[in-house]
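# Structural overview
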Amino acid sequence: ADGTGGGESDTCKGEGSCGAAGKEVAHLNAFEAWIGKQNLPVNQLKIANIEGFGRGTLATQQLKKGSLYISVPEKLLIGPEKVDSGHLHDALRYARAGSGIPREEWNRIVDQKSKLLMFLLREKHVVKDSLWKDYIQALPATVSVPMLFNAS
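My aim in this report is to walk through the structure given alongside it, one point at a time. (Residues numbered from 1 in each chain as written. Predicted model: local features only at pLDDT ≥ 70, side-chain atom pairs only at ≥ 80, totals over all residues. Heavy atoms only, no water.)

### Considerations on unusual backbone geometry
The phi torsion at N39 lies on the positive side, around 50 degrees, for a residue other than glycine. Turning to its location among the elements, N39 is positioned in the loop between α1 (20-37) and β1 (42-43). Among the residues examined, N39 registers a relative accessible area of 64% and is labelled exposed. (Helix = DSSP H or I, 4+ residues; strand = E, 2+ residues; numbered from the N terminus. Buried < 20%, exposed > 50% of the residue type's maximum accessible area, 1.4 Å probe, protein only.)

### Let's talk about the layout of surface pockets
Computed from the structure, the second largest pocket encloses a volume of approximately 570 Å³. Taken together, 25 residues make up the lining of the second largest pocket; nearest its centre are F31, W34, I35, I70 and Y135. Listed by contribution, the elements that provide at least two residues to the lining of the second largest pocket are α1, β2 (45-50), β3 (54-59), α5 (112-125) and α6 (133-138). Looking at the lining of the second largest pocket, the element that brings in the most residues is α1, giving 5 residues. (1 Å grid on protein atoms, 1.4 Å probe; cavity = no way out; pocket = protein on both sides within 12 Å on 5 of 7 lines; lining within 4 Å. Points joined across faces, edges and corners; volume = space filled by probe spheres on them.)

### So, α5
With 14 residues, α5 extends 20 Å from end C-alpha to end C-alpha; this agrees with the ideal 20 Å at 1.5 Å per step. Three or more residues of α5 are buried, namely K115, F119, L120 and E123. Looking straight down α5, one finds its buried side chains confined to an arc of 135 degrees; they lie on one side. Seen from the open side of α5, the exposed residues pointing more than 90 degrees away from its buried face are K113, L117, K124 and H125. The secondary structure elements touched by the buried residues of α5 are α2 (80-83), α3 (86-99) and α6. (Expected span 1.5 Å × (residues − 1). Arc of directions from axis to C-beta. Contact = heavy atoms within 4.5 Å.)

What follows is the structure, given as structure tokens:
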């Protein structure tokens, strides 16, 4: 796979059928196809690898100051409303009730970031036909966070 979107990378289907770069291209292609199927009211962006920055978005046409470049329907948003409802909410409520941990302490331990992480893990590994499957697969496997680098 040459990373340009052609050849073997377009046909990566299962584990081990292509290299890491080919899988990344295949996941990004699947995510872009998924975006296309969602019929976003406005989408003037495309995903691209930007030299020196990594993955990001580029405008598909010249944007005017103040113009709308993307509009995402509420049903596609992953936020507190999604995380604090459904199976995960029920499981966490059950776990808290059985833990004996006071509500304030529980809320400190299981904050919104933790709930979001649990939601994404559940969608990736438990929910067979997750609405967000192609989005989750397109997320980078690792992320460099400068504030976590050691002093050396």
